[in-house]
Amino acid sequence: MLRAATCLQLLMMGTSLLSCKREKPQPPHSACPGLDTTTITYNGYVAQVMRWHCISCHSGTNPSGGVRLDSYQEVRRSAEQGDWYRVMQNGSMPPSGKLDDCTLASLKKWIDTGYPQ
Ligand code: HEC
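## Notes on the overall build of the chain
- When you go through the chain residue by residue, the secondary structure sums to six helices and zero strands.
- Along the chain, helices and strands appear, N-terminal first, in the series α-α-α-α-α-α.
- Out of the 117 residues belonging to the chain, those deemed buried represent 21%.
- Residue pairs in contact within the chain that sit at least 24 positions apart in sequence constitute 48% of those at least 6 positions apart.

In structure tokens:
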């Protein structure tokens, strides 16, 4: 959180986005304040959220709950069934703690705009 705030501050001071990206791997930015949320795509955003928060348990031959979240098709299927967003929104996934509101809003947007790839 603190790191994200610092990053944002640096951005505001005019430092290039690249200097932020060169830091250690971080969870994807929540696509909210100051960032364009008009097109949330699977490849551009959703996949990174999945990679960071979900696929450690939801990939491979024996995924938790029988749910794989490591490809567009699998994520879209889960999202269309309704479980995918529901379990994130009610805070049961990821088990480590509920995602922040901006991330959730961005994922919701992806659903509402028809799962752009
Ligand atoms: C630490 C392991 C772990 C992580 C990380 C994790 N899950 Fe899960 N997930 C589970 C387990 C275990 C189950 C099956 C038992 C259950 O439903 O609680 C499950 C079940 C599910 C289900 C099926 C729920 C249902 O009601 O049938 C969905 C959908 C799901 N997870 C989505 C996600 C999403 C999306 C993320 C990332 C935001 C995520 N999970 C991260 C372990 C994990």
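## A few points about unusual backbone geometry
- In the segment running from M93 into P94, the intervening peptide bond is cis, with an omega of -5°.
- Note that P94 resides in the loop between α5 (83–89) and α6 (101–112).
- The backbone of Y115 sits at a positive phi, close to 55°, despite the residue not being glycine.
- Within the secondary structure layout, Y115 lies in the segment after α6.
- Classification of Y115 as partly exposed rests on a count of 16 C-beta atoms within 10 Å.

## Topic: the confidence of the model for the chain
- For the chain, mean pLDDT is 82; residues scoring 70 or higher make up 68% of the total.
- Note that residues 14–21 has pLDDT below 50 and, in this model, six contacts with residues that lie over four places away or in other chains.

## Concerning helix α3 (residues 42–53)
- Along α3, the residues classified as buried are Y42, Y45, V46, V49, M50 and H53. In a view along the axis of α3, the buried residues occupy a sector of 130°, so they form one face of it.

## Side note on α6
- For α6, spanning 12 residues, the distance from its first C-alpha to its last is 16 Å, which sits close to the expected 16 Å at 1.5 Å a residue.
- Its buried side turned inward, α6 meets α3 and α5.
- Looking one or two residues past α6, G114 carries a phi angle of roughly 90°, positive in sign.

Reading the values: the criteria
Residues numbered from 1 in each chain as written. Predicted model: local features only at pLDDT ≥ 70, side-chain atom pairs only at ≥ 80, totals over all residues. Helix = DSSP H or I, 4+ residues; strand = E, 2+ residues; numbered from the N terminus. Buried ≥ 20, exposed ≤ 12 C-beta atoms within 10 Å, placed from the backbone. Contact = placed C-beta atoms within 7 Å. pLDDT = per-residue confidence, 0-100. Arc of directions from axis to C-beta. Expected span 1.5 Å × (residues − 1).

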